[in-house]
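Observations on chain architecture
One-letter residues, chain by chain:
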Amino acid sequence: MRVSGAYADDRLERFAAMDRSKRLGNLASNLARLAAYSKNRRPLEAAYAIAREARYFAEICAATEADPSIFCEIDKAVDAAMGAFERAQYPPPELAARIAACSESLMKVRG
């Protein structure tokens, strides 16, 4: 499931207005929140909403960055988390750790 419609338009406009550092920082923040929500068993709906936004932002970054490899990894990890949420489950701890590691990597790339 890819994001589309009014939700996508609103997020794209907001995200496009940010400079690169802020975009990467916001994506890293969403990933850290997603990892924490997964680990601490926060409401599935809230975690799913964060995952949906993070995936959308990762897809935009992958399309605009010179080296999209980290964003492809993020997209895979977030897709896996969303699959768990769609089955009314939480991602396994190793997936939450992988998402947290992606967040940390983005903060390093961000500078």
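One structure accompanies this document, and this report is about it. On a predicted model such as this, the values are computed, not experimentally measured, just so you know. (Residues numbered from 1 in each chain as written. Predicted model: local features only at pLDDT ≥ 70, side-chain atom pairs only at ≥ 80, totals over all residues. Heavy atoms only, no water.)

Thoughts on the nonpolar core
By size, the foremost hydrophobic cluster in this structure holds 31 residues, and its most contacted members are Leu27, Leu31, Ile74 and Leu106. Elements with a minimum of two residues in this core: α2 (20–39), α3 (44–64), α4 (69–86) and α5 (93–110). Per element, the largest residue contribution to this core is 11 residues, and it comes from α3. Leaving out residues up to four positions away in the same chain, Leu27 has contacts with Ala54, Phe57, Ala58, Cys61, Phe71, Ile74 and Leu106. (Core = buried A, V, L, I, M, F, W, Y, C linked by side-chain atoms within 4.5 Å. Buried < 20%, exposed > 50% of the residue type's maximum accessible area, 1.4 Å probe, protein only. Helix = DSSP H or I, 4+ residues; strand = E, 2+ residues; numbered from the N terminus. Contact = heavy atoms within 4.5 Å.)

Here we look at the pattern of salt bridges
Overall, the coordinates contain three salt bridges when judged by the stated rule. Arg20 is the salt-bridge partner of Glu65, the closest N and O atoms lying 3.0 Å from each other. Of the two residues, Glu65 is situated in the loop between α3 and α4 and Arg20 in helix α2; the sequence distance between them amounts to 45 residues. Given a relative accessible area of 17%, Glu65 falls into the buried group. When the shortest N-O distance is used, the salt bridge between Arg55 and Asp79 registers 2.7 Å. (Salt bridge = Lys/Arg side-chain N within 4 Å of Asp/Glu carboxyl O.)

Quick word on α5
The end-to-end C-alpha distance of α5, which contains 18 residues, comes to 26 Å, matching closely the 26 Å that a straight helix rising 1.5 Å per residue would cover. Along α5, the residues classified as buried are Leu95, Ala96, Ile99, Cys102, Ser103 and Leu106. Buried residues in α5, looked at end-on, bunch into an arc of 115°, giving them a common side. Residues of α5 that are exposed and point over 90 degrees away from its buried face: Pro93, Glu94, Glu104 and Lys108. Residues of α5 that are buried in the fold lie against α2 and α4. (Expected span 1.5 Å × (residues − 1). Arc of directions from axis to C-beta.)

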